[in-house]
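# Residue-level structural notes
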Amino acid sequence: MTFIAVNNVSKKYEIGSELKALDNVTLKINQGEFIAIMGPSGSGKSTLLSILGVLNPPTEGNLIIDDIDVFKLANEKQADFRREYLGFIFQQFKLLPYLTAVENVMLPLTVAQISKKEKLQMAEKVLAKIGLESKLHRLPHQLSGGEQGRVAIARAIVNQPPIILADEPTGSLDTKTGQEIIEIFKALNEDGHTILMVTHNKENLEHVKRTVLIRDGKIVN
Amino acid sequence: MGLFELSLKHLWRNKNRVIFLLWGIIIGVTTIVTLYTITFSMEQEISDKFDQIGSNMIIVPNSESLSLNYSGVTIQGGTQKMVELSDDALDRIMSIKNSENIAVIAPKLLGTLETDGGKALAVGVDFAAEFRMKKWWKLEGKKPGVNNEVILGSNASSILGKKVGSKIVIGDTELVVSGILAEMGSEEDDALYLNLPLLQKLLNKEGSLSLIEVSALCYTCPIEDIVMQIANKLPEAKVTAVLEAVEARKVIVDKFSALARTVAIIVLFIGFLIVTNSFLAAVNGRKKEIGILRSLGFKRIHVAVVIVLEGIVVSLFGGITGYLLGTLLAKWLAPLIAQMEVLIAWDWKLGIISLILAVIVGIFASIIPVFRAVKQDPADSMRAI
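By convention here, each chain's residues receive numbers from 1 onward along its written sequence. Following the order in which they are written, the chains are lettered starting with A and the ligands numbered starting with 1. Residue-level local features of this predicted model are given only where pLDDT is at least 70; pairs of side-chain atoms are given and counted only at 80 or more, and the full residue set underlies all totals for whole chains, interfaces and linings. Working from all heavy atoms in the structure, the side-chain values ignore hydrogens and water.

### Things to note about the overall build of chain A
Secondary structure is summarised from DSSP: a helix means a run of H or I of at least four residues, a strand means a run of E of at least two, and numbering begins at the N terminus for each. Broken down by element type, chain A carries six helices and ten strands. When a residue's accessible area, from a 1.4 Å probe over protein chains only, is under 20% of the maximum for its type it is buried; when over 50% it is exposed; and in between it is partly exposed. Burial statistics for chain A: of 221 residues in total, 57% are counted as buried. Contacts are assigned to residue pairs with any non-hydrogen atoms lying within 4.5 Å of each other. Considering only intrachain contacts with a sequence separation of at least 6, the fraction spanning at least 24 residues in chain A is 70%. To measure how exposed things are, a 1.4 Å probe is used in the Shrake-Rupley method; for residues, cover is taken only from the protein chains shown. Here chain A has roughly 9500 Å² of accessible surface; of this, 48% comes from carbon and sulfur atoms.

Given below as structure tokens:
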């Protein structure tokens, strides 16, 4: 059953002249899929990811997630939706430099109506799951690239979202560390998370269930 | 971790940025506190000085007889029998509700005396009170010490032909001139000043007074109230406020206040602009962070609360620091500016007002940056990420 439906989505930008970042894209994704989105630079991968992340409304078409036409939700409801359904892992992880590992992981829980103790327990549990229980109180700059990646993953999954969106999560890591991150993704996928990952790395493709190729704003496979 | 904790952590781990935000608030609050403290203290000091310089009330007996003039004050008398006040009036004056506002009471008895040098206008005074009240008196010689020592006005000295150390004989009584007053261009130049009890005895008017000059510290009370209270206690007397002194004081105090208000408003406005600009720069620098927060499910109101809370915390800190620095600066600057001893006290009420003012400035200054932050398109945020 289709969990995520990208229906005839186009995205145009006005930068002097009109630029069509996505052109009539349609994509159906089932729950529990692990999808790699590939394509050359400027092909529209990140735009597609930002639309899937309910951060960037399409110029045309719609996005249906779990039978919800998400861009028809009011702006503040979209924020609730993101918190409930989506976990983001950004390029270079984008941890807030002034928060420790455990505080970064607690961020999505900041506005949740649960006690501070519960938030802390949830964050510690997730960090322990990915092997960072000894580095809870380190600031991002005190962590290695791989460790930062794992904190970013923990932050993305701490509130148990069904969908994880990752933008080049291994792009800034060496092969071995990148492999470790992909292994975590595989484990999360086996736990039932639907994962959409933008990647340039062809080695990652052997671990995913489906690859979507984008070129010039169109899906080509 | 809640929104407040998130704000605190951001401030704590970005101290350099906080210092940049703080300086505008600290400068603003420090300037206002310094100005206010100095002006307020100077107002009080000037007011006290005015209160102590000369009388601001004259008490004379009620009378419909002819009048004569002493020290610019019209008193009754002349050739008819003078109606006089009694000594106990002094105690009754001190029994008024606002007695703590009374600084000096200077009772006087007026009369004429036949001396070996000729007829003289004699004024019996309490020398200690008189010298406290009349700070402008410049004396050649020394203040009277013993009962038979007197001082002379400059004209009286010439007319009677007496100098410092000279003897003045009045009947069986021998007086010694201990000092001569410098010329003042008033009736005081013509008078012979002697101890009140001595003059009362010489004139056979024990317990009588012609007038009482009162100096009241009226910074915290209207002089009209004190006049009314004394008039109630002395129904036999006419109590008159010397409004010129009060009015002169009021004009100077008002000018100081107006200057302080104007400068405070200008500084407040400039401080507001600096703080707004600093907040704006800080928010612009956090575009990426705001994008991350929004992608993690923060609503606009959550982002706004984080920024406003930071503004409030920074303002509180700036307000406290500004108050402390402002008061210390006032303690150092006040004597230099006022060219006189000015007592600067730690005023906790001013401290609280400083905090409230700083927080109001902080909240208003963060309004525009908050609007910028919450209106930031998530797609822009995403691009910033």
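### As for the overall build of chain B
Scanning chain B from N- to C-terminus turns up twelve helices and 14 strands. Counting only contacts in chain B whose residues sit at least 6 apart along the sequence, the fraction spanning at least 24 positions is 77%. With the model as given, the accessible surface of chain B reaches about 18300 Å², and the carbon-plus-sulfur share is 63%.

### Some thoughts on the environment of Leu109 of chain A
All names here are of chain A. Topologically, Leu109 is positioned in the loop between helix H3 (101–106) and helix H4 (116–129). The class of Leu109 is buried, set by a relative accessible area of 3%. Separated by 49 residues in the primary sequence, Leu109 and Val158 place their C-alpha atoms 7.9 Å from one another. For Leu109, the residues in contact, after removing those within four places along its chain, are Lys119, Met122, Val158 and Asn159.

### Notes on the sheet that holds strand S1 (residues 2–15) of chain A
Strands belonging to one sheet form pairs held by backbone hydrogen bonds; the direction of such a pair is parallel or antiparallel. Residues and elements named next belong to chain A. In this scheme, strands are said to pair when DSSP sees at least two bridges between them. An order of S2-S1-S4-S5 is seen for the four strands of this open sheet, with the pairing classed as antiparallel. Looking at which strands have only one partner, the edges of the open sheet turn out to be strand S2 (17–30) and strand S5 (68–69). In terms of strand pairing, S1 meets S2 through ten bridges, oriented antiparallel. Residue Ile4 lies in a different strand from S2, and its bridge partner there is Ile29. Throughout, an axis means a line fitted to C-alpha atoms (over the contacting stretch in the case of helices), and angles, computed between N-to-C directions, take values from 0 to 180 degrees. Against the sheet, helix H1 (residues 45–52) engages S1, S2 and strand S4 (60–65), with an angle of about 120° to S1.

### A few points about the interface of chain B and chain A
Chain B puts 29 residues into the contact, and the matching count from chain A is 27 residues. Here the quantity called buried area is the total loss of accessible area, with a 1.4 Å probe, experienced by two parts when brought into contact, counted for both. In total, about 2700 Å² of surface goes out of reach between chain B and chain A, with carbon and sulfur atoms giving 65% of it. We count a salt bridge whenever a side-chain nitrogen from Lys or Arg sits within 4 Å of a carboxyl oxygen from Asp or Glu. At the junction of chain B with chain A, the criterion picks out three salt bridges. The salt bridge partner of Asp80 of chain A is Lys299 of chain B, with a shortest N-O separation of 3.1 Å. The term polar contact refers here to a pair of N or O atoms within 3.5 Å; inside protein, the definition further demands a hydrogen-donor-capable atom paired with an acceptor-capable atom, and it admits residues adjacent in sequence only when both atoms are side-chain atoms. Summed over the shared surface of chain B and chain A, the number is eight residue pairs in polar contact (both at pLDDT 80 or more). Contributions of two or more residues to the side of chain B that touches chain A are made by helix H1 (3–12), helix H9 (287–295), helix H10 (300–338) and helix H12 (378–384) of chain B. A total of six residues in the side of chain B that touches chain A trace back to one element, the largest contributor, which is H9 of chain B. A per-class count over the side of chain B that touches chain A returns twelve nonpolar, six polar and eleven charged. Nonpolar residues are Ala, Val, Leu, Ile, Met, Phe, Trp, Tyr, Cys and Pro. Charged residues are Asp, Glu, Lys and Arg, and all others, Gly as well, are polar.

### What about the packing of aromatic side chains?
Any two aromatic rings considered together are summarised by their centre-to-centre distance and by the angle between their planes. Centres within 6.5 Å make a pair out of two Phe, Tyr or Trp rings, where for Trp the six-membered ring is used; the pair is then stacked when the planes are under 30 degrees apart, edge-to-face when over 60, and tilted otherwise. Enumeration according to the criterion identifies seven aromatic pairs over all chains in this entry. Relative to Phe90 of chain A, the ring of Phe88 of chain A lies with its centre 5.6 Å away and its plane at 10°, an arrangement referred to as stacked. Accessibility classification places Phe88 of chain A together with Phe90 of chain A in one group, the buried group. We note Lys15 of chain B situated over the ring of Trp12 of chain B; from NZ or CZ to the ring centre the distance is 4.3 Å. In this scheme, Lys NZ or Arg CZ marks a charge over a ring once it lies within 6 Å of the ring centre and within 35 degrees of the ring normal. The lysine or arginine in question, Lys143 of chain B, covers the ring of Phe131 of chain B, its NZ or CZ lying 4.8 Å from the ring centre.

### Here's the deal with the sheet that holds strand S6 (residues 86–89) of chain A
Residue and element names in this part refer to chain A. Spatially, S6-S7-S8-S3-S9-S10 is the arrangement adopted by the six strands of the open sheet, whose pairing is mixed. Each edge of the sheet is formed by a strand with only one pairing partner; in this case those strands are S6 and strand S10 (218–219). Of the strand pairs in this sheet, strand S9 (residues 210–215) and S10 are connected by two bridges, and their pairing is antiparallel. Bridge pairing in S10 places Arg215 opposite Lys218.

### Quick notes on the confidence of the model for chain B
Should the pLDDT be low somewhere, the predicted coordinates at that spot are not to be read in detail. All names here are of chain B. On a scale of 0 to 100, pLDDT captures the predictor's confidence in every residue. When pLDDT is averaged along chain B, the result is 82; 84% of the residues meet or exceed 70. Looking over chain B, one finds the lowest element-wise mean pLDDT in strand S3 (residues 73–76), namely 50, and the highest in strand S8 (residues 149–152), namely 95. Here residues 75–80 is a poorly scored stretch, pLDDT under 50, and it has 24 contacts once near neighbours within four places are set aside; other chains count.

### As for the pattern of salt bridges
Residues and elements named next belong to chain B. Scanning the model with the defined rule gives 25 salt bridges over all chains in all. Here Asp88 ties to Arg92 by a salt bridge, and the two come within 3.3 Å at their closest N and O atoms. A residue is classified by how much of its surface remains accessible, and Asp88, at 37% relative accessible area, is partly exposed. Look at Arg92 and you get partly exposed, because its relative accessible area is 23%. Notably, a salt bridge pairs Glu213 with Lys134, separated by 3.3 Å at the nearest N-O pair. Of this pair, Glu213 sits in strand S13 (residues 211–216) while Lys134 is found in the loop between helix H4 (127–133) and strand S7 (139–141), placing the two residues 79 residues apart along the sequence. Neither Glu213 nor Lys134 differs from the other in exposure class; each is buried.

### Overview of H4 of chain A
If you check H4 of chain A, its first and last C-alpha atoms are 20 Å apart, about what 14 residues at 1.5 Å a residue would give, namely 20 Å. Here the buried face of H4 of chain A lies against H3 and helix H5 (145–157) of chain A. Residue count minus one, scaled by 1.5 Å, sets the expected span of a helix.

### Some details on the side chain of Ser354 of chain B
Residues and elements named next belong to chain B. Relative to the helices and strands, Ser354 is located in helix H11 (residues 348–375). For Ser354, the side chain forms a polar contact with the main-chain oxygen of Leu350, separated by 2.7 Å. Contact partners of Ser354, with chain neighbours within four places excluded, come to Val29, Val33, Gly319 and Tyr323.

### Observations concerning the pairing of strand S7 (residues 163–167) of chain A
Residues and elements named next belong to chain A. Judged by how many residues are buried, S7 sits mostly within the fold: five of five residues are covered. What you see with S7 is no split at all: Ile163, Leu165 and Asp167 on one side and Ile164 and Ala166 on the other are buried throughout. In terms of strand pairing, S6 meets S7 through four bridges, oriented parallel. Within S7, the residue paired with Gly87 across the bridge is Ile164. Judged from the five bridges that link them, S7 and strand S8 (residues 194–198) form a sheet pairing that is parallel. Within S8, the residue paired with Ala166 across the bridge is Met197. By the criterion used throughout, a crossover qualifies as right-handed when its path from the first strand across the helix to the second strand runs clockwise, the strands pointing away from the viewer. A crossover links S7 with its parallel partner S8, the connecting element being helix H6 (residues 175–190), and its sense is right-handed.

### Here we look at the side chain of His10 of chain B
With respect to the helices and strands, His10 of chain B occurs in helix H1. According to the relative accessible area criterion, His10 of chain B is buried, its value standing at 3%. Within the local environment of His10 of chain B, its side chain forms a polar contact with the side chain of Arg286 of chain B, the two groups lying 3.4 Å apart. In contact with His10 of chain B, not counting residues within four places along its chain, are Tyr98 of chain A together with Arg17, Arg286, Glu289 and Glu310 of chain B.

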